[in-house]
Amino acid sequence: NAGVMQNPRHLVRRRGQEARLRCSPMKGHSHVYWYRQLPEEGLKFMVYLQKENIIDESGMPKERFSAEFPKEGPSILRIQQVVRGDSAAYFCASSPRTHTVATEAFFGQGTRLTVV
Amino acid sequence: DQQVKQNSPSLSVQEGRISILNCDYTNSMFDYFLWYKKYPAEGPTFLISISSIKDKNEDGRFTVFLNKSAKHLSLHIVPSQPGDSAVYFCAAIDNAGGTSYGKLTFGQGTILTVHP
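Quick look at the structure, then.

About the thresholds
Residues numbered from 1 in each chain as written. Chains lettered and ligands numbered in written order. Predicted model: local features only at pLDDT ≥ 70, side-chain atom pairs only at ≥ 80, totals over all residues. Heavy atoms only, no water. Salt bridge = Lys/Arg side-chain N within 4 Å of Asp/Glu carboxyl O. Buried < 20%, exposed > 50% of the residue type's maximum accessible area, 1.4 Å probe, protein only. Helix = DSSP H or I, 4+ residues; strand = E, 2+ residues; numbered from the N terminus. Phe/Tyr/Trp six-rings, centres within 6.5 Å; stacked < 30°, edge-to-face > 60°. Contact = heavy atoms within 4.5 Å. Pairing = 2+ DSSP bridges. Axes fitted to C-alpha atoms, helices over the stretch in contact; angles between N-to-C directions. Core = buried A, V, L, I, M, F, W, Y, C linked by side-chain atoms within 4.5 Å.

### Observations concerning the pattern of salt bridges
In this structure the tally under the stated criterion is 6 salt bridges over all chains. For the salt bridge of R20(A) with E18(A), the shortest nitrogen-to-oxygen distance reads 2.8 Å. Assessed through its relative accessible area of 38%, R20(A) is described here as partly exposed. Here D56(A) makes a salt bridge to K103(B), at a shortest N to O gap of 3.3 Å. On the criterion of chain membership, the pair formed by D56(A) in strand β6 (residues 53-56) and K103(B) in the loop between β9 (86-93) and β10 (105-106) is interchain, its members lying in two chains. For D56(A), a relative accessible area of 11% puts it in the buried group.

The structure is reproduced here in structure tokens:
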């Protein structure tokens, strides 16, 4: 999973600030998924993107959260006006263009967001 | 609503013995299941998977069993090694919509400790 790069690894934000989390998928992968892991919980699906398209954002909070995956560059998960409850580990996963259900997504190392 | 449940938060096993991690699910539309291993400060790493048309899949020391009628799956690790100590997550995919993408629903995880 070292091929999926997330940065920063750790991010500290004060309440009310914006957080930007970046995910560069593995080479040749055009599908990106974002997951959030709250303390003592499993990973929860947030959003699924392909290049320039949001395919499924059913797990995204309705407000303050947005995601994009531009034609060039990494996928960005943006959290506006962060609150303490946003503190979590955010994981990105990527899978190849010919992805099928039998193909396993590869995860990055995650970004640990701490809101103070 | 927790559609994938790992009811044992932790499991402790002696090196060389068998580790059995359990997972239950409630959504009958899940048709593909995966196990991931996660070390602290790293992303989940895929271990083994099983399709709902099978009841067993084996890969080296790892075997996954699926009991569809009971909506239960288990991961067997034999023999267990100290390096297996990690958090293990089961995950499920609902591909009934034919979208064939990797949106995963995770359990809460089980911390496995293998003692030398």
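### Concerning the packing of aromatic side chains
A full pass over the atoms with the stated rule returns 11 aromatic pairs over all chains. Judged by centre distance (4.6 Å) and plane angle (10 degrees), the ring pair of Y33(A) and Y48(A) falls under stacked. Of the two residues, Y33(A) sits in strand β4 (residues 29-37) while Y48(A) sits in strand β5 (residues 43-50), which places them 15 residues apart along the sequence. By relative accessible area, which is 2% here, Y48(A) ends up buried. Ring centres 5.6 Å apart and planes at 85 degrees place the aromatic pair Y35(A) and F106(B) in the edge-to-face group. In this pair, Y35(A) sits in strand β4 while F106(B) sits in strand β10, so the two residues belong to two different chains. On the basis of relative accessibility, which here comes to 0%, the residue Y35(A) falls in the buried class. By relative accessible area, which is 2% here, F106(B) ends up buried. An aromatic cluster of at least three residues, connected via ring pairs, comprises Y35(A), F45(A), F107(A), Y36(B), F46(B), F89(B) and F106(B).

### Brief notes about the environment of C23(B)
All names here are of chain B. In this structure, C23 sits in strand β3 (residues 19-25). Assessed through its relative accessible area of 1%, C23 is described here as buried. Distance in space between the C-alpha atoms of C23 and K56 is 14 Å, their sequence separation being 33 residues. When sequence neighbours within four positions are dropped, the list of residues in contact with C23 reads V4, K5, Q6, W35, K71, H72, L73 and C90.

### Details of the sheet that holds strand β7 (residues 65-68) of chain A
All names here are of chain A. A sheet is described by the order of its strands in space; here 4 strands give the open sequence β1-β3-β8-β7, paired in antiparallel fashion. A strand with exactly one partner marks an edge of an open sheet, and here the two such strands are β1 (5-7) and β7. Direction aside, the axes of adjacent strands within the sheet are offset by 15 degrees on average. Bridge analysis of β7 against strand β8 (residues 75-79) gives 4 bridges, and the strand direction is antiparallel. Counted as the bridge partner of F65 is I79 from β8.

### Concerning the nonpolar core
Judged by nonpolar contacts, the single largest core of 23 residues is most densely connected at F33(B), W35(B), L73(B), L75(B) and Y88(B). If you tally residues by element for this core, the top one is β9(B), at 4 residues. Discounting residues that sit within four places of it in the chain, L73(B) has contacts with L21(B), N22(B), C23(B), Y25(B), F33(B), W35(B), V64(B), F65(B) and L66(B). Formed by 22 residues, the second largest nonpolar core is a distinct cluster that contains V4(A), F65(A), V82(A) and C92(A).

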